[in-house]
Each structure stands twice: as structure tokens, then as C-alpha cells.
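Take a look at the letters that make up each chain.
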Amino acid sequence: MKKLIFLLLCFASIVAKAQSGDAKGAWTGKLNVYGTELTLVFHLDSVNCTLDSPDQGIKGVPAKLEHTATGIKVTIASINASYEGVNMGESIMGTFKQHGQSFPLTLKPGTVKRNRPQTPVGPYPYQTQEVSFSNGSAVLKGTLVLPENHTQNTPVLLMVTGSGLQNRDEEIFEHKPFAVIADALARQGIATLRYDDRGFGGSTGDLVNVTTEDLKNDALAGVELLRKQFKRVGILGHSEGGTIGLMLAAEGKVDFVVSLAGGVVSFEKTLLDQNRWTLQQAGYSQDVTDRYCTALESLFDELKAGGNPEPTNHGLPAELEQNLQIAKAQSSTPYMRYFLGLDLTDRLGKITCPVLALNGTKDRQVNSEENLNALQNGLAGQKEIKAMEGLNHMFQHCATGAPAEYKDIEETFAPEALDIITTWLKRFK
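The residue numbers shown here count from 1 along each chain, following its written sequence. Reporting of local features is limited, given that this is a predicted model, to residues whose pLDDT is at least 70; pairs of side-chain atoms are given and counted only at 80 or more, and all residues count toward the totals for whole chains, interfaces and linings. Each side-chain value is worked out from all heavy atoms of the structure, with water and hydrogens disregarded.

Visitor: What should I look at first to understand helix 4 (residues 267-281) in this one?
Guide: Because each turn of an α-helix spans 3.6 residues, side chains separated by three or four positions in sequence point in the same direction. Runs of H or I in DSSP of at least four residues are treated as helices and runs of E of at least two as strands, each being numbered from the N terminus. A helix is expected to span 1.5 Å multiplied by its residue count minus one. Here helix 4 is 15 residues long and its end C-alpha atoms lie 21 Å apart, about the 21 Å a rise of 1.5 Å per residue gives. Buried residues along helix 4 sit in contact with helix 3 (240-250), helix 5 (286-304), helix 6 (318-331) and helix 7 (334-340). N or O atoms within 3.5 Å of each other form a polar contact, as long as, within protein, one can give a hydrogen and the other can take it, and as long as residues adjacent in sequence are counted only when both atoms are side-chain atoms. With a side-chain oxygen lying 3.3 Å from the backbone nitrogen of E268, the N-terminal cap of helix 4 falls on S266. Where helix 4 terminates, the next one or two residues include G283, which has phi positive at roughly 95 degrees. Working rule for contacts: check all heavy atoms of both residues, and any pair within 4.5 Å makes them a contact.

Visitor: What is the right way to read the layout of surface pockets from this model?
Guide: Rolled over the atoms, a probe as big as a water molecule pinpoints where empty space is left. Only protein atoms enter the calculation, which uses a 1 Å grid: trapped sets of points that fit a 1.4 Å probe without letting it out are cavities, open sets showing protein on both sides within 12 Å along at least five of seven lines are pockets, and any residue with an atom within 4 Å of a point is a lining residue. Grid points are joined across faces, edges and corners, and a volume is the space filled by probe spheres set on the points. There is about 320 Å³ of room inside the second largest pocket. Taken together, 15 residues form the lining of the second largest pocket, with P54, K59, K113, E171 and E174 sitting closest to its centre.

Visitor: I keep staring at the sheet that holds strand 10 (residues 138-147) and nothing clicks. Help me out?
Guide: Paired strands, in this sense, are two strands between which DSSP finds at least two bridges. Strand order in the open sheet made by the eight strands is 9-10-12-11-13-14-15-16, with mixed pairing throughout. Two strands close off the open sheet at either side, each with one partner strand: strand 9 (126-135) and strand 16 (383-388). Sheet twist, expressed as the mean angle between neighbouring strand axes with direction ignored, is 20 degrees. The pairing of strand 13 (residues 233-238) with strand 14 (residues 256-260) spans five bridges and is classified as parallel. Its bridge partner lying in strand 14, H238 is registered against L260. Axes, fitted as lines to C-alpha atoms, cover a helix only where it is in contact. Angles between the N-to-C directions of the axes lie from 0 to 180 degrees. On the sheet, helix 2 (residues 212-227) packs against strand 9, strand 10, strand 11 (156-160), strand 12 (191-195) and strand 13 and is oriented at approximately 130 degrees with respect to strand 9. Across the sheet, helix 8 (residues 368-378) is in contact with strand 15 (355-360) and strand 16; its angle to strand 16 comes to roughly 170 degrees.

Visitor: What is the right way to look at the side chain of T422 in this model?
Guide: By the secondary structure assignment, T422 is in helix 9 (residues 415-425). For T422, the contacting residues outside a window of four places in its chain are A184, L185, Q188 and I190.

Visitor: Help me out: how do you make sense of the sheet that holds strand 7 (residues 92-98) in this one?
Guide: Within a sheet, adjacent strands bond to each other through the backbone by hydrogen bonds, running parallel or antiparallel. Spatial ordering of the closed barrel is given by 1-2-3-4-5-6-7-8, a layout of eight strands whose pairing is antiparallel. Taken over all neighbouring pairs, the strand axes of this sheet differ in orientation by 30 degrees on average, direction set aside. Bridge count for strand 4 (residues 58-67) against strand 5 (residues 71-76) is four bridges, and the pairing is antiparallel. If you follow H67 over to strand 5, its bridge partner there is I72.

Visitor: For this particular structure, what's the right way to read the pairing of strand 6 (residues 81-87)?
Guide: On a regular strand, each side chain points to the face opposite its neighbour's, so the side chains alternate between the two faces of the sheet. Pairing geometry for strand 5 and strand 6, over six bridges, is antiparallel. Bridged to G71 within strand 6 is V86. Adjacent in sequence and paired antiparallel, strand 5 and strand 6 are bridged by four residues, among which N80 carries a positive phi angle near 55 degrees. Bridge count for strand 6 against strand 7 is seven bridges, and the pairing is antiparallel. By the bridge assignment, G85 is partnered in strand 7 with G94. Between strand 6 and the antiparallel strand that follows it, strand 7, lie four residues; G89 among them carries a positive phi value of about 95 degrees.

This is the structure we're talking about:
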């Protein structure tokens, strides 16, 4: 859940930049969706175009470009989106549409480069190897980081990303938290393997019928690969990745777990909490917020039971009625039906391996107090549970913890959180 889940609207990378005539190169715009700002980059030549969403680590999305009498039209079929704009010379002014909703989008020449001082830059005092492993038809590509003088006794962690398509660095808003963590661990003599999610980056695999159970088995295939080379194999997972690490621990598949903002309690409740907080921040009244969340909960419950809810008017503002319909469409997938019913509290007693669990106190996506308390009360084995004061879901120092802040914060991962992780893991050396 490292990405904002608001009304289950999928904010995939989409930009349209455009220009008729001799406009070429990169054009950049900022798409504002209910307070969340995404930078979109359109690469244009005379005939073709591709789209990037650097905020989400997504590059090269194919798009169809048409020149119109006044500007351009871009169709991005893979995400059911389009952009049509008028060429104003120094800018292109137009409208971006997705899932029946419209948003203004102005494009200007050039790209935006954000400062990310923690991103590792070579040369590195460790080795890296490109590896691959398989779970059924899914082939996962990743980077194995090997510290100096490593042996079979070197502890190693499989790094598992959160929900949504992620590359091996868990890149979002040009932050690369997994690269930062892997670099820090390698310098302390700890090996890691991080990989592109199935169907993304260099990895392949079905995304239509996938569930968290399949993603767990993807991770298990990575663990089995590492066991061929190392004696002690653990999981470091963020958000849903932390959940997956705990699922594998409950099955006795790993030797230790680092859960970073891992979800434990009802994921339906987690989504409802996210929506409630976002509506409140958007300025909706308590009455409207309550009625929307009641309608959304009813929708979720019916979907979990295998039903197909009929469209109903709840007397809400038009944009919220529309979002409920979008939520229904996007929650009807096998992934979301499974996700809504996921709750790990009954499995925690089966976990006997050591667990380090960290959450930021300003996490607005996975409730810190609720999930850490569940781990504290439910885990049977050795555990270290810590709330990180003032950190958000991405483990950045922040003002409010709102996902909209992620992109504006230069820090990728709080140094004190890195210190806790590396100190805890050194016991396995």
C-alpha cells in the first residue's frame, strides 16, 4: 500500500504531452487528482510517443499520437486514458481523461529532476549479480547484492515490495528505497535480493488473475533460490511485502522477517480508514464521509462474498457516486476480492522466527498503532516492535504523513530506521 489508495482509483502513469507541428522531445505536466499531484512526461518525435510517470518509476508506456487542427490527441489504451490539448506555443493546454473522469493538464517543454541524495552512486564496495527465478509461468528478474567476503553463512534478505506494480528498487516519485536499503545492508555485510514485480520491468507473469497468495509464492520462489547459496534466509517487506513476509513466516518458510509498515489487521478496514482520512482531508463533511464509507463497506462486503453489487444512488455528491462505481469495477478483480478478506491476526501465533516490525507514527496508509499492537500481542516468537516517531508510510520524516508529501521530501529513508534494521540483522552474522 505504498501508493495512495483513494476510492480505489488507480493513478497509473499517464501523461499526455503533446504538440503539433515541429514539437519534439520531452513535455512535462502535473496531474492533480484529488490533491495528489503526479508528474507526467510525454516523449514526442515526428511520429511516435511514449509516456513516463517518474513519480511511480514507470517509463516508456506506448501511446497513440494524432495531430489535430489545433494541437494533439494522445490515446493510452493500456490504462484506458486519453489526452487532448491545444498547442499554445510555449505550452499545450488540454484535458486528461481516465475511467470517465476529466482533469485539466497543461504540458510544458522539458523534464523535472528531483534531488534524491540518498540514492546510491557507484563505485560500490560490493558485488551485484543479475538473477532470475520462476513461480509457474512467472519469471522474476532481480539484483543479488553480495557484500565483500560473503560466505554461505552471510545472512541474506529477499526484499518484497508493497501493493501496486513496483520495480526492484520499489521506485516511487524517483525515490528508490529498496536500493537505499540494499546499499546500507551490503556495507554492513548483509546480502539482499530485490526483484521486479511480476508483469513489470524485467519480470513476466499473469496480472489478470493474480492475488496476494500468488505474490507470496513469487517471493517463496526467491527464498528457495537463495537457500541454494545461503544458510539463513529472511524477508524484508514493505507494506503488502511485509504482510507477505509474515505469511511465509507463519508457514515456516523463512528464518527471520523485517516488516516495514506491514499490514496485519483486516485489509478491508485498512482501505476504509484510508478513504475516510482522505475524504476528511479533502474537506467533506462528517455526514458525507460517514455515508460514503458505509456505502463503500457494503460494497466491499458484497464483493468479498462473491457478489456483483448493483448500481445504487446513495445521495452523495456526484463525484463520490462516480467513485463508488469506479471502486466497484476495480474491486471486482480476483486480487481485490482476496485482498479485502485478508487478515493475518489468526496466523501470528504460528510465527516462531525472529521478527523486527517498524511503522511510522504518521503513516496514513497502514495504521501504526493498530498493526503494531496486533503484532505485539499475537507473535509467539522473538520480536522487536517499534513505532518510528514522525515518519510516514515511506519512512520519511514528514509534516502530516499525507501521501501527497512523498514526492516533495528529499529524504528517501530515515537514517535512524536504517540503523535499527542493520543493528538488528547483525545478530544473524
